[in-house]
Amino acid sequence: MAKQTVFVNEFTNGILGPEVPMLGPVKDGGYIVANTAAGCWGPMLTPAIRGGHEVTKPVLVEGAELGDAIAIKIVSVKVTSKGTASGNDTVFTDRCLGDPFVAGKCPKCGKLYPSTVVEGIGQDAIKCEACGAPVAPFAFTSGYTIAFDDNYKVGITLDKAGAEKAANDAKNFMQTPDHSIQNPVVILAPHDLPGMATRLRPFLGQLGTTPVRNTPDSHNAGDFGQFLVGAPHEYGITADQLKDVTDGHMDINRVRAGAVLIAPVRIPGGGVYVGDMHAMQGDGEIAGHTTDVSGIAVLQVSVIKDLNLEGPVLLPVAEDLPYLAKPLTAEESMLAEEEAKKWNITLEKTAPVSFIGTGANLNAAIQCAMERAAGLLDMTVPQIMNRITITGGLEIGRAPGTCTATFRAPVDKLKKAKLWDLIKTQYEIED
């Protein structure tokens, strides 16, 4: 029997796909409340996790069928970690089978996906349970430990003493969820950049629906998924199979409280999952990683029948829209109407929408986003280009290849695409 609210504090082993058992079901219009585990670095230091992240077990949504979409309203995003650590990475190539995010192995005994034990703190503290060799596949080239104030407004980076204090209380400092198996990243005690101050603006780096084949969670995207093509481990795919990802791993900082993400349904029930919460991030996640944290996310899910999406569509909160994409004010609309009368022109009614694109690089991601927009709205790519240029903007989600293409689209096109009801509610636009 479907539930109005499904509580989630269990995680996959890093793999998403049709064989992963789903929780729920949750009612159409119901809520998912998830205690999420930190994303990148903790799982990256835990070879038993096979996906580079540690996302929640997916939730089946009642009534979601192939060819539908699920609108996921992000009701709230609350950080629970007291702080975290992050930075640029480098790889120990002898500690993985081709891909350190997916196929960690022990360099001494050769065990693939080894279980680990932690002895002390620092780079060599994470050891193979079987033979005792240091086994973490990643290290920092430049790293930092950051602590948050009690109100989660600001963060400051710590010196050596502070980083080591956090490392010696790692699970409590990170508020690691009960069923998480990751080694908290603060164990490494990085402290290369002490004394920086920044502000928090939490968002969800992973949010979406389950792909049709078993896929490492961090690679469920058109850019990171490139690592799977021809990979030597069991999750390797062909180039043609890359189209099966659902782009749930976005790292788009506009996927935050108040936004709505519309995701494609590729398996019965959709399989909504969440994770990789970040405390803050500038556009592009240019360091490769940001401040991964534990937290609590509240999501409301609604099924949109027969909306066959090629990839996710995002409705950011209004203040996150590019300047040109914001709905015209009453004064601007009046001025436009007065000018239109002079030229005997009927103005189209428009509203903002944002298409997510992914690819091997940013150029490919931009093309992907524009093609997805053109396909759904029955327009040509050149028309989409023009609309982005004068009524929107392109924004980097993540380098190397995730972006959003945002513009004001004609309302009649949005109605045909079954997006209008969500958009008019999101931006308080009169019908």
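Read on for a plain summary of the structure. (Residues numbered from 1 in each chain as written. Predicted model: local features only at pLDDT ≥ 70, side-chain atom pairs only at ≥ 80, totals over all residues. Heavy atoms only, no water.)

### Structural notes on the side chain of glutamine 426
Within the fold, glutamine 426 resides in helix 8 (residues 420-426). At a separation of 3.0 Å, a polar atom in the side chain of glutamine 426 contacts the main-chain carbonyl oxygen of glycine 258. Polar side-chain contacts of glutamine 426 include one of 3.1 Å to the backbone oxygen of leucine 315. (Helix = DSSP H or I, 4+ residues; strand = E, 2+ residues; numbered from the N terminus. Polar contact = N/O pair within 3.5 Å; in protein donor to acceptor, adjacent residues only side chain to side chain.)

### Here's the deal with the sheet that holds strand 10 (residues 154-157)
Here 4 strands make up an open sheet; going across it, the order is 6-9-10-11 and the pairing antiparallel. Looking at which strands have only one partner, the edges of the open sheet turn out to be strand 6 (83-91) and strand 11 (197-199). Taking each pair of neighbouring strands and ignoring which way they run, the sheet shows an average axis angle of 30 degrees. Strand direction decides the pairing type here: strand 10 and strand 11, joined by 3 bridges, are antiparallel. Pairing of glycine 155 across the sheet is with threonine 198, part of strand 11. (Pairing = 2+ DSSP bridges. Axes fitted to C-alpha atoms, helices over the stretch in contact; angles between N-to-C directions.)

### Section: the pairing of strand 14 (residues 260-264)
Burial runs high along strand 14: 5 of the 5 residues are buried. Alternating positions in strand 14 separate into two faces, Val260, Ile262 and Pro264 on one and Leu261 and Ala263 on the other, with burial throughout. Pairing of strand 5 (residues 69-79) with strand 14 involves 5 bridges; the strand directions are antiparallel. When the sheet's bridge partners are listed, alanine 71 is paired in strand 14 with isoleucine 262. With 3 bridges connecting them, strand 14 and strand 17 (residues 313-315) associate as antiparallel partners. Within the sheet, the bridge partner assigned to valine 260 lies in strand 17 and is leucine 315. (Buried < 20%, exposed > 50% of the residue type's maximum accessible area, 1.4 Å probe, protein only.)

### Some remarks on the state of the cysteines
By definition, a disulfide links two cysteine residues through a covalent bond between their sulfur atoms. Evaluation of the coordinates by the stated rule reveals 0 disulfides. The closest cysteine sulfur to the non-disulfide-bonded cysteine 40 is located on cysteine 96, 16 Å from its own sulfur. Of the residues examined, cysteine 40 reaches a relative accessible area of 5% and is grouped as buried. With no disulfide of its own, cysteine 368 lies 7.5 Å from the sulfur of cysteine 403, the closest cysteine sulfur. A residue is classified by how much of its surface remains accessible, and cysteine 368, at 16% relative accessible area, is buried. (Disulfide = S-S within 2.5 Å.)

### So, the pattern of salt bridges
Tallying each qualifying case throughout the model produces 20 salt bridges. Among the ionic pairs, glutamate 10 bridges to lysine 57, the shortest N-O distance being 3.2 Å. With glutamate 10 in the loop between strand 1 (3-8) and strand 2 (15-16) and lysine 57 in the loop between helix 1 (41-44) and strand 4 (59-61), this pair connects stretches of sequence that are 47 residues apart. Exposure remark for glutamate 10: the relative accessible area of 30% places this residue in the partly exposed category. In this structure, a network of salt bridges that share partners links the residues Arg201, Arg256, Glu319 and Asp320. (Salt bridge = Lys/Arg side-chain N within 4 Å of Asp/Glu carboxyl O.)

### Looking at the environment of serine 354
Inspection of the secondary structure puts serine 354 in strand 18 (residues 350-358). The class of serine 354 is buried, set by a relative accessible area of 1%. Sequence-distant contacts of serine 354, defined by excluding residues within four places in its chain, comprise Val313, Leu314, Pro316, Thr404, Ala405 and Thr406. A polar contact of 2.8 Å, which involves the side chain of serine 354, links it to the side chain of threonine 406. (Contact = heavy atoms within 4.5 Å.)

By themselves, these are just geometric observations and shouldn't be taken as functional.
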